[in-house]
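These are the residues of each chain, in order.
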Amino acid sequence: MPDQPAFQGRLTKASPATPRHAVPAYLAARPKLRAFLWGLASALALPPVHLLPVLLLSVPAFLRLIGAAETKKQLTWIGWLFGFGLNLGGLYWITEPILTEAATFWWLVPLAAPLLAAAVAFYSLIPAYAAWFAKPGLPRLLIFSGAWVISDLIRQFAFSGFPWNLWGTDWAIPGTLGTIFIQPAAIFGVHGLTLLTVFLAGMPLFKRRGLLVLVVALLAWAGFGVWRLQTPVKPTGITVAMVQPDFPVPGSFERAALISRWQRLLAMSHAGLQAGANTVIWPEGSSPWLLDSDPVARAQLAAVTGTTPILAGSLRVAGPNDYRNSLVVTDGPGPAVAVYDKWKLVPFGEYMPRWIPVKITPDVLGTGFTPGTGPKTLDVPGLPPFGPLICYEDIFTGEILDEKDRPSWLVTVTDDAWFGNSAGPRQHFVNAQLRAVEEGLPLARDANSGTSAMIDAFGRVDSYLPLGAQGVLVAPLPGKLPPTIYARLGLEIPTAMAILTLLAGLLLALAV
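Residues numbered from 1 in each chain as written. Predicted model: local features only at pLDDT ≥ 70, side-chain atom pairs only at ≥ 80, totals over all residues. Heavy atoms only, no water.

A.B. asks: I'd like a description of the sheet that holds strand 2 (residues 279-281), backed by residues and values.
C.D. replies: With mixed pairing, six strands are arranged side by side in an open sheet as 5-4-3-2-1-11. Whereas interior strands pair on both sides, the edge strands pair on one side only; in this sheet they are strand 5 (338-341) and strand 11 (471-476). Across the sheet, the axes of successive neighbouring strands diverge by a mean angle of 35 degrees, strand direction being ignored. The pairing of strand 4 (residues 322-330) with strand 5 spans four bridges and is classified as antiparallel. Pairing of V329 across the sheet is with A338, part of strand 5. (Pairing = 2+ DSSP bridges. Helix = DSSP H or I, 4+ residues; strand = E, 2+ residues; numbered from the N terminus. Axes fitted to C-alpha atoms, helices over the stretch in contact; angles between N-to-C directions.)

Okay, structure coming up:
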């Protein structure tokens, strides 16, 4: 064979073909871990920390991770792990009630918070998948924001409902600043606040232009809040005493302990009346006796309080194996003048959901509680009509009132002592503030161990007793506002907003 001529050119080694969807190296490295950590960091924006600026980092980072996902499997892990981190950080305190019975349920202590966080995390897949299919940029952010709120709305109703730690609650910062920023809830509720929060948190994706939009939006938001707070409100002339007995949980059922509890309630009620109260409120389940059916207890109570209305948290027996978590109203030794039964029961604590195949008795009575019929307005002589709420019923935005019989104020009775000095009671408290703003109604909140407070129709905390204190809070009842836009239309507004945001993202993607 003839000699081959020597190659005189430059020899270049072939490079691997560039992937069709090139992913930046910093995103390709451990995307699952990054998703979890950004979700965990996002929990810092929740009450009681309220570190809202963290969302300006975590939301854009989550959207970048979504966009970089190369397969549906990877996307599923990224979406779920972000939600898992967010809910693990936000719901860590769920183990507190178990610690009160650690000798029996020790095995559940390390599992409770992760299991609940794991379940709630699945809702994060809805916005993650919606954003993944969307065109990058503003269309993706719009679709992500709308889908996030739709997932929250589903969470409020799916299974037994758990609308806890919505991002709109982040704005209920203690003090004047928080009061200003929660005022738009009177128009579109906490879900609308969440929509604004998610959308504005994504603005850093658009660099200087996005930051300009963020600043202008926050200024307009604050301006609306300041303007709304100038609305005058007429006083009611009613003074309310809220008893915060700080009973230990779980309490003893020995008769001596029950009598001690009863005597404390009577003494604190007397102190409230001596301070000029027109009514006295007792926290959830605080009465050691079944006031609705116990004439001896009512006679003893009337000997101290006379004909003053007593709004007492009490268990009630409505029939064989028919136990109710109730608010019983008395105004003397006779039969109760009004009764309200809690209808939003706590799953696993007050009843076992039907979709759980294993039968477990969830309460000390040996059976589950029976739910009431729904929201109700109570008319009690000497008081403006009020809407009662028991425990976590006040987290269900848009579902707390009898819309056909609007009350003049709200009463929440609860026992957050089960959750100790953790974020749980504080997260619960901000929901009361938001319900007051949404409905334009003052709210008297009475909690066994705190925080008890009088909240006006703008969500301002007029007076309060702190967590872990024992005392009687005597405060004037603020006046009500005319029905807000949200009070008239309810969840229809944020639902429409979320759908329109989704459609705007789709239309923008088609137009660009």
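Moving on, there is more to tell.
A.B. asks: Outline the pattern of salt bridges, supporting the account with residue identities and numerical values.
C.D. replies: In a structure, side chains of opposite charge can pair up when their charged atoms sit close to one another. Under the definition given, this model contains nine salt bridges. Of the charged contacts in the structure, one is a salt bridge between D152 and R155, with a shortest N-O distance of 3.0 Å. Residue D152 and its partner R155 are both found in helix 9 (residues 138-157); the two are separated by three residues, about one turn of the helix. A residue is classified by how much of its surface remains accessible, and D152, at 3% relative accessible area, is buried. Owing to a relative accessible area of 7%, R155 belongs among the buried residues under this scheme. E438 serves as the salt-bridge partner of R435, at 2.7 Å between the closest nitrogen and oxygen. (Salt bridge = Lys/Arg side-chain N within 4 Å of Asp/Glu carboxyl O. Buried < 20%, exposed > 50% of the residue type's maximum accessible area, 1.4 Å probe, protein only.)

A.B. asks: I'd love a proper account of the sheet that holds strand 6 (residues 386-390), names of residues and values included.
C.D. replies: Spatially, the five strands line up as an open sheet ordered 6-7-8-9-10, and their pairing is mixed. Each of the sheet's edge strands pairs with one partner strand only, and the pair in question is strand 6 and strand 10 (461-465). In this sheet, adjacent strand axes meet at a mean angle of 10 degrees when their direction is disregarded. Bridge count for strand 6 against strand 7 (residues 409-414) is five bridges, and the pairing is parallel. When the sheet's bridge partners are listed, I390 is paired in strand 7 with V413. Seen against the sheet, helix 15 (residues 423-439) touches strand 7, strand 8 (443-447), strand 9 (452-455) and strand 10 and runs at an angle of roughly 160 degrees to strand 8. (Contact = heavy atoms within 4.5 Å.)

A.B. asks: Could you give an account of the side chain of R316, with specific residues and numbers?
C.D. replies: Relative to the assigned elements, R316 resides in strand 3 (residues 310-319). A polar contact is formed between the side chain of R316 and the side chain of D341, at a distance of 2.6 Å. Leave out the neighbours within four places in its chain, and R316 touches L290, D292, D322, Y323, R324, S326, V339 and D341. (Polar contact = N/O pair within 3.5 Å; in protein donor to acceptor, adjacent residues only side chain to side chain.)

A.B. asks: How would you summarise the packing of helix 2 (residues 31-42) against helix 3 (residues 55-68) if you had to cite specific residues and measurements?
C.D. replies: In the contact formed by helix 2 and helix 3, the axes pass within 9 Å of each other and the chain directions differ by 155 degrees. One element, helix 2, and the other, helix 3, form an angle in the roughly antiparallel class. Viewed along their axes, helix 2 and helix 3 form a crossing whose handedness is left-handed. Of helix 3, the residues touching helix 2 (which contributes P31, R34, A35, W38 and S42) are L55, L57, S58, A61 and L65. For the contact of helix 2 with helix 3, the class distribution of residues is seven nonpolar, two polar and one charged. (Parallel < 35°, antiparallel > 145°, perpendicular 65-115°, else oblique. Left-handed = near helix turned anticlockwise from the far one by under 90°. Nonpolar A, V, L, I, M, F, W, Y, C, P; charged D, E, K, R; others polar.)

A.B. asks: Please set out the nonpolar core residue by residue, giving values where relevant.
C.D. replies: Among the nonpolar cores identified, the biggest contains 60 residues, and L55, F62, I66, F144, W148 and W167 are the most heavily contacted of them. Every residue in contact with L55, bar those within four places of it in the chain, is listed here: S42, A45, P60, W167, D170, T197 and A201. The next biggest cluster of nonpolar side chains, apart from the first, holds 34 residues, and it includes M242, L327, M454 and L473. (Core = buried A, V, L, I, M, F, W, Y, C linked by side-chain atoms within 4.5 Å.)

A.B. asks: Mind laying out the confidence of the model for the protein, listing which residues take part and the relevant values?
C.D. replies: Should the pLDDT be low somewhere, the predicted coordinates at that spot are not to be read in detail. When pLDDT is averaged across the protein, the result is 92; 92% of the residues are at 70 or more. Note on residues 9-21: pLDDT under 50 across the span, and one contact to partners over four residues away in sequence or across chains. (pLDDT = per-residue confidence, 0-100.)

A.B. asks: Which residues make up helix 7 (residues 112-120), and what are the values?
C.D. replies: Think of an α-helix as turning once every 3.6 residues; residues three or four places apart then point the same way. Considered for burial, the residues of helix 7 that qualify are A112, A113, A117, A118 and V120. Contacts from the buried residues of helix 7 go to helix 4 (72-90), helix 5 (96-99) and helix 9.

A.B. asks: Account for the packing of aromatic side chains, naming residues and giving values.
C.D. replies: This structure, assessed with the given rule, holds 23 aromatic pairs. On the basis of an interplanar angle of 45 degrees and a centroid distance of 5.2 Å, the ring pair of W93 and W164 is categorised as tilted. Of the two residues, W93 is situated in the loop between helix 4 and helix 5 and W164 in the loop between helix 9 and helix 10 (176-181); the sequence distance between them amounts to 71 residues. Of the residues examined, W164 reaches a relative accessible area of 6% and is grouped as buried. Members of the aromatic cluster, joined through ring pairs, are F36, W77, W80, F84 and F122. For R261, the ring lying beneath its charged end belongs to F247, and the centroid distance is 4.1 Å. Sitting over the face of the ring of F396, K344 holds its NZ or CZ atom 4.3 Å from the ring centroid. (Phe/Tyr/Trp six-rings, centres within 6.5 Å; stacked < 30°, edge-to-face > 60°. Lys NZ or Arg CZ within 6 Å of the ring centre and 35° of its normal.)

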